[in-house]
Structure formats: structure tokens, C-alpha cells
Amino acid sequence: MYNIAIDGPAGAGKSTIAKIVAKKLEFIYVDTGAMYRTLALACFRAGIDASEEAKVIEKCKDVTVTLGYEDGTQKVYLNGEDVSQEIRREEIGNMTSAIAVYGPVRELMVAMQQKLARENNVVMDGRDIGTVVLPNADLKVYLTASARTRAERRYKELIEKGQECNLDAIEEDIKKRDERDMNREVAPLKQAEDAVLVDSSDMDIDQVVETIVSLAK
């Protein structure tokens, strides 16, 4: 099996890029962020606060996260229910990075993700794919962009969805998430030693995709 790991900070465009790369190579795209978001949603619905570690861990053991495709679009299921849209809400995103710091939560997810990679050609993106989840991946990419560029992309996305937002506040949020992701005790965000650095600040999506596809080939 051929495995591609794409890591990088929040808002670097990992998911968008990974999906297109997977399509071009006819690989399976594994959205690890969506898997974590699904756990966060389960906790959120149960009225559990992200700070209640024991309750979060207990709830996550109860949850089944599965991935599927409908009309070529990847869907994420929480105990069989399609939650692909609901997990994209901003408060779920914030809760996700708060519960992802708990070791047992990560262990559950990593086991699920490694099983997928053993059985399929995959493109997987996240924060610790090349360092922890798939340390033997055939290709590792560390995809990044400046905090301001990432904030501007996120701002544009939210405005297009008709949501009110503030660019400076989004940039501040992104910096806080970077800080949290890079300094957590379990599997912090960092570039794997054998990863290729791709800075997309001045690149469009097609250029980034082309770069990764040619690296894979």
C-alpha cells in the first residue's frame, strides 16, 4: 500500500489539497480532522465540557466514527448518522482541538487510522500523521502558510457561508490553535524530519496539488 501523510497547522488547506491529490491518484482520502470533530460533536451533544477529561474519554469509547462516499463526496458518520455538515461549525472546531490533547482520545483515533492505511492506498492529513500515525508513510508533506494568509482564507470561507466574522479575531484564534497544537504533550504538531516542506502562502490550490502529485510520482 502507498501512504501519503500531509501535516500542517490549522487553515493551511490540508483537507482541500489532500482530497484533490487523492482523487488524482485514485487513493482513499482519510480526513482525520473530521474524525476528531465527530468525537467533539458527540461530547458537545451530550453536554460534556471539553475540560471534563474523564467524561470526554468515556464518551469517545462509546462512539463509532465511519467514513463513506456518496456521489463522490466523502461523508462522515457518527454512530451511522451523517454529520458531515454539523461537524464544520466553528464551536465544534474549537472543541476539537481542546479534546484532541487527551492521550486516550488520540490512541482510539490512531488505531482506527492505521487500520485504514494498512488496507488501502491513502492520503491522510492532520497534525501528527507523519510523526505518529504513519511514521513509515511513503511520502510526507508539511504544508503551511502564514497565519495571516490562513486567516484570510478562513474569513473568505465564512463570509461565503453568510456568517458574520472578524478577520483579526480569526487570525488570533489561528495563532492560539497553533500554540496549543505545537505545545501539547501528546503528539504535538511538528514537521517530520523526512517531510518535504511546502509553503502555500503564495501558491494557489492547483500549484500545491501539482507539487505533491509530482513528489508522489
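For clarity, every value in this text was computed on a predicted model and none was experimentally measured.

1. Here's the deal with the packing of helix α2 (residues 32–45) against helix α3 (residues 53–61)
- Contact pair α2 / α3: the axes reach a minimum separation of 10 Å and the direction vectors enclose 115°. In terms of orientation, α2 and α3 fall into the roughly perpendicular class. Regarding α2 and α3, the two cross each other, and that crossing is right-handed. Facing α2, whose interface residues are Leu 39, Ala 42 and Cys 43, α3 presents Val 56, Lys 59 and Cys 60.

2. Regarding the packing of α2 against helix α4 (residues 90–99)
- Packing of α2 against α4 brings their axes to within 8 Å, and their N-to-C directions diverge by 100°. Looking at the two axes, α2 sits roughly perpendicular to α4. Of α4, the residues touching α2 (which contributes Tyr 36, Arg 37, Leu 39, Ala 40, Leu 41, Cys 43 and Phe 44) are Glu 91, Ile 92, Gly 93, Met 95, Thr 96 and Ile 99.
- Looking at side-chain class alone, the contact of α2 with α4 contains nine nonpolar, two polar and two charged residues.

The rules behind these values
Here the residue index of a chain counts from 1 through its sequence in written order. Thresholds applied to this predicted model are a pLDDT of at least 70 for local features of residues and 80 or more for the giving and counting of side-chain atom pairs; totals over whole chains, interfaces and linings are not thresholded and use all residues. In computing side-chain values, all of the structure's heavy atoms are included and hydrogens and water are not. Angles here are taken between N-to-C directions and fall from 0 to 180 degrees, while the axes themselves are lines fitted to C-alpha atoms, restricted in helices to the stretch in contact. Numbered from the N terminus, helices here are DSSP runs of H or I no shorter than four residues, and strands are runs of E no shorter than two. Geometric relationships in this document are graded by angle, where less than 35 degrees denotes roughly parallel, more than 145 denotes roughly antiparallel, 65 to 115 denotes roughly perpendicular, and other angles denote oblique. For any pair of crossing helices, the crossing counts as left-handed if the nearer helix is rotated counterclockwise from the farther one by less than a right angle, and right-handed if it is rotated clockwise. Two residues qualify as a contact provided that any one of their heavy atoms is within 4.5 Å of a heavy atom in the partner residue. Ten residue types, Ala, Val, Leu, Ile, Met, Phe, Trp, Tyr, Cys and Pro, are classed as nonpolar, four, Asp, Glu, Lys and Arg, as charged, and the remainder, Gly among them, as polar.

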